[in-house]
Amino acid sequence: MTVKIYGPTASRTSRALWIVHELAIPFEHVAVEMKDLKGADFLKVNPNGKVPAIDDGGFKLFESMAINLYLAAKYGKDGFMPASIEEQALTWQWSFWGMTEVEKPLLTILIDMYMTPPDKRKPEAVADAQKMLPKPFGVLNAALAGRDYLLGSTFTVADLNLASVMSWAKPIKFDLSPYPNIAAWLDRCLSRPAYKAAKGTK
Ligand SMILES: N[C@@H](CCC(=O)N[C@@H](CS)C(=O)NCC(=O)O)C(=O)O
């Protein structure tokens, strides 16, 4: 059985591509273009008209974090999805936290820097977004003190999900020097061969 992964690599689809490489899950990458997301064919896969979305043998799922938690629970091994309910809850915690506390400000800055013509940029929105990040980054930096990964010494789906969101700190050149634990953890996660393999897809 192959899992179909829908969406271009240069989108949140890279999160799902990372996990299928990480877990060596057989997959088919359907690099549907952004312009086709509201077409009837793709709306049958994800009625929201957004990527990523997957089809795992007829089971369809959207939302990047839900997709990765599902794939980890179904195909993970060696603790990639931790066994205890408490550690599983921590993977949900960090996945939701990434989406609710840091994704939006990081994306605001990224879009302004790379996807917005200079005359349409909004420096006030970027300044507001910059101000939103130190508080959650302080929380994450403290959580990573004395450990290599979010749950301890092993790379899990919690790290993959959160690092996939935090990876946007790189293209926006966010100064992580006040957060040395985050800087080291992010480099550790993003140097994984599976991350690089995922970024190399179309
Ligand atoms: N919360 C969703 C966000 C999905 C999303 O907005 N994806 C973007 C691409 S990165 C998209 O499909 N945009 C097209 C649109 O909003 O019309 C997730 O994490 O999967």
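What counts as what
- Residues numbered from 1 in each chain as written.
- Predicted model: local features only at pLDDT ≥ 70, side-chain atom pairs only at ≥ 80, totals over all residues.
- Heavy atoms only, no water.
- Salt bridge = Lys/Arg side-chain N within 4 Å of Asp/Glu carboxyl O.
- Helix = DSSP H or I, 4+ residues; strand = E, 2+ residues; numbered from the N terminus.
- Buried < 20%, exposed > 50% of the residue type's maximum accessible area, 1.4 Å probe, protein only.
- Axes fitted to C-alpha atoms, helices over the stretch in contact; angles between N-to-C directions.
- Parallel < 35°, antiparallel > 145°, perpendicular 65-115°, else oblique.
- Contact = heavy atoms within 4.5 Å.
- Nonpolar A, V, L, I, M, F, W, Y, C, P; charged D, E, K, R; others polar.
- Near = heavy atom within 4 Å.
- Polar contact = N/O pair within 3.5 Å; in protein donor to acceptor, adjacent residues only side chain to side chain.
- Areas by Shrake-Rupley, 256 points an atom, 1.4 Å probe, with all protein chains shown as cover.
- 1 Å grid on protein atoms, 1.4 Å probe; cavity = no way out; pocket = protein on both sides within 12 Å on 5 of 7 lines; lining within 4 Å.
- Points joined across faces, edges and corners; volume = space filled by probe spheres on them.
- Left-handed = near helix turned anticlockwise from the far one by under 90°.

A. Spotlight on the pattern of salt bridges. Inspection of every chain in the model, using the stated rule, returns 11 salt bridges. Of the charged contacts in the structure, one is a salt bridge between arginine 12 and glutamate 103, with a shortest N-O distance of 2.8 Å. Here glutamate 103 lies in helix H4 (residues 85-114) and arginine 12 lies in the loop between strand S1 (3-6) and helix H1 (13-22), a separation of 91 residues in the sequence. In this structure glutamate 103 comes out as buried when scored by relative accessible area, which is 8%. Among the salt bridges present, the one from arginine 188 reaches aspartate 148, with a minimum N-O distance of 3.8 Å.

B. Quick look at the packing of helix H7 (residues 157-166) against helix H8 (residues 180-190). Close contact between H7 and H8 brings their axes to 10 Å; oriented N to C, the two are set at 105°. By the angle between their axes, H7 is roughly perpendicular relative to H8. Together, Asp159, Leu162, Ala163 and Met166 of H7 and Ile182, Trp185, Leu186, Cys189 and Leu190 of H8 make up the contact between the two elements. Residues of the contact of H7 with H8, tallied by class, amount to 8 nonpolar, no polar and 1 charged.

C. Looking closely at the site of the ligand. With respect to spatial proximity, the complete set of residues near the ligand consists of Ser11, Arg12, Arg15, Met34, Leu37, Lys38, Lys50, Val51, Pro52, Glu63, Ser64 and Met99. Contacts to the ligand include valine 51, whose backbone N or O atom sits 2.7 Å from a nitrogen atom. For the ligand, the protein covers 74% of the area, taking 510 Å² as the surface of the free molecule. The residue makeup of the shell around the ligand, split by class, is 5 nonpolar, 2 polar and 5 charged.

D. Spotlight on the environment of lysine 35. On the secondary structure map, lysine 35 appears in the loop between strand S2 (27-30) and helix H2 (40-45). By relative accessible area, which is 66% here, lysine 35 ends up exposed. A polar contact of 3.4 Å, which involves the side chain of lysine 35, links it to the side chain of aspartate 36.

E. Focus on the layout of surface pockets. Of the volumes computed, that of the largest pocket is approximately 780 Å³. For the lining of the largest pocket, the elements supplying multiple residues, two or more each, are H1, H4 and helix H9 (193-199). Here the lining of the largest pocket gets 6 residues from one element, more than from any other, and that element is H4. For the lining of the largest pocket, a count of residues per class yields 16 nonpolar, 9 polar and 7 charged.

F. The arrangement of the packing of H4 against helix H6 (residues 134-143) in detail. Direction vectors running N to C along H4 and H6 enclose 140°, while the axes themselves pass 11 Å from each other. Between H4 and H6, the angle falls in the class oblique. Crossing geometry of H4 relative to H6 is assigned as left-handed. Contacts between H4 and H6 involve Trp94, Trp97, Glu101, Val102 and Leu106 from the former and Pro136, Phe137, Val139, Leu140 and Ala143 from the latter. Of the residues contributing to the contact of H4 with H6, the split by class is 9 nonpolar, no polar and 1 charged.

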